[in-house]
Amino acid sequence: MSTDLQWLLIRKYNSFLVKKVPEGPIFSKEPGNLVNLHSHKYSGLANSKTIDIQSSESGLQITTRKSKTSPHAVRSARTTASVRNRSGGRRALGVVASVAKRGYRPDLRTAALGRSSALLAAQKEKKASLPKKVRGKKAAAFFG
């Protein structure tokens, strides 16, 4: 079945649709959708080649679907690359960019880079803020 026909069938009715505002954008929670927008370009269900970037305890999981395999194959139809937490943002962005450079959906490169950098930023531990220093007249009154 072609991807265009699949999109026509699942476009209006699927379980991943999120319609919050009647006139606003329609979002989607489907796996493989990098920007969570409901459109044919980013759809993880209707496209034969998808890139899925998920956060896990060990780091980032970058999963791509092999286009030549059977649609019924589950495990063998996907390749997974993982990036550890401590390996840094440049390594993760390099792995994501290399997927697009090999010709595997180069139109999704910016979306994949944006999702991976957002997930890395969310995984970072926040630094503790320093207490404010008392200055000026308040400092003179406070210290002496």
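The rules behind these values
- Each chain carries its own residue numbering, running from 1 in the direction its sequence is written.
- Note on the predicted model: pLDDT of at least 70 is required for a residue's local features to be given, and 80 or more for side-chain atom pairs to be given and counted; whole-chain, interface and lining totals, by contrast, use all residues.
- To get the side-chain values, take all heavy atoms of the structure and skip hydrogens and water.
- Every helix listed is a DSSP run of H or I at least four residues long, and every strand listed is a run of E at least two residues long, numbered separately from the N terminus.
- The atom set for the radius of gyration is the C-alpha atoms, and the globule formula is 2.2 Å times the number of residues raised to the power 0.38.
- Exposure is judged per residue with a 1.4 Å probe applied to protein chains only, and the accessible area is read against the type maximum: over 50% gives exposed, under 20% gives buried, and values in between give partly exposed.
- By nonpolar core we mean a set of buried residues, namely Ala, Val, Leu, Ile, Met, Phe, Trp, Tyr and Cys, connected to one another through side-chain atoms within 4.5 Å.
- Multiplying one less than the number of residues by 1.5 Å gives the expected span of a helix.
- Think of it as the arc spanned by the lines of direction from the helix axis to the C-beta atoms.
- By the convention used here, residues are in contact when the closest approach between their heavy atoms is within 4.5 Å.

What about the overall build of the chain?
Turning to step 1, where the next piece is worked out: Counting its secondary structure elements, the chain contains four helices and five strands.
Turning to step 2, where the next piece is worked out: Ordered by position in the sequence, the α and β elements of the chain form the string α-β-β-β-β-β-α-α-α.
Turning to step 3, where the next piece is worked out: In terms of overall dimensions, the chain is more spread out than a globule: its C-alpha atoms have a radius of gyration of 22 Å, far above the 15 Å expected for 144 residues.
Turning to step 4, where the next piece is worked out: Taking all 144 residues of the chain together, 28% fall into the buried category.

Looking at the nonpolar core
Turning to step 1, where the next piece is worked out: Judged by nonpolar contacts, the single largest core of 17 residues is most densely connected at Leu34, Ile51, Ile53, Leu60, Ile62 and Val83.
Turning to step 2, where the next piece is worked out: When residues of this core are traced back to their parent elements, those giving at least two are β3 (51–55), β4 (59–65), α2 (89–101) and α3 (109–123).

Quick look at α3
Turning to step 1, where the next piece is worked out: Given a rise of 1.5 Å per residue, 15 residues ought to cover 21 Å, and the 21 Å separating the end C-alpha atoms of α3 matches this to within 8%.
Turning to step 2, where the next piece is worked out: Those residues of α3 that sit buried are Ala111, Ala112, Ser116, Leu119 and Leu120. Looking down the long axis of α3, one finds its buried residues gathered within 160° of arc, a one-sided arrangement. Of the residues in α3, the exposed ones pointing more than 90 degrees away from the buried face are Thr110, Ala121 and Ala122.
Turning to step 3, where the next piece is worked out: Looking at the buried side of α3, the elements it contacts are β3, β4 and α2.

Structural notes on unusual backbone geometry
What is expected of a backbone is that most residues other than glycine have negative phi and most peptide bonds are trans.
Turning to step 1, where the next piece is worked out: One non-glycine residue, Asn36, adopts positive backbone phi at about 60°.
Turning to step 2, where the next piece is worked out: Mapped onto the elements of the fold, Asn36 is located in the loop between β2 (27–28) and β3.
Turning to step 3, where the next piece is worked out: Assessed through its relative accessible area of 30%, Asn36 is described here as partly exposed.
Turning to step 4, where the next piece is worked out: Unlike most non-glycine residues, Arg105 shows phi in positive territory, near 50°.
Turning to step 5, where the next piece is worked out: Within the element layout of this structure, Arg105 appears in the loop between α2 and α3.
Turning to step 6, where the next piece is worked out: Residue Arg105 is classed as buried on the basis of its relative accessible area, which comes to 13%.

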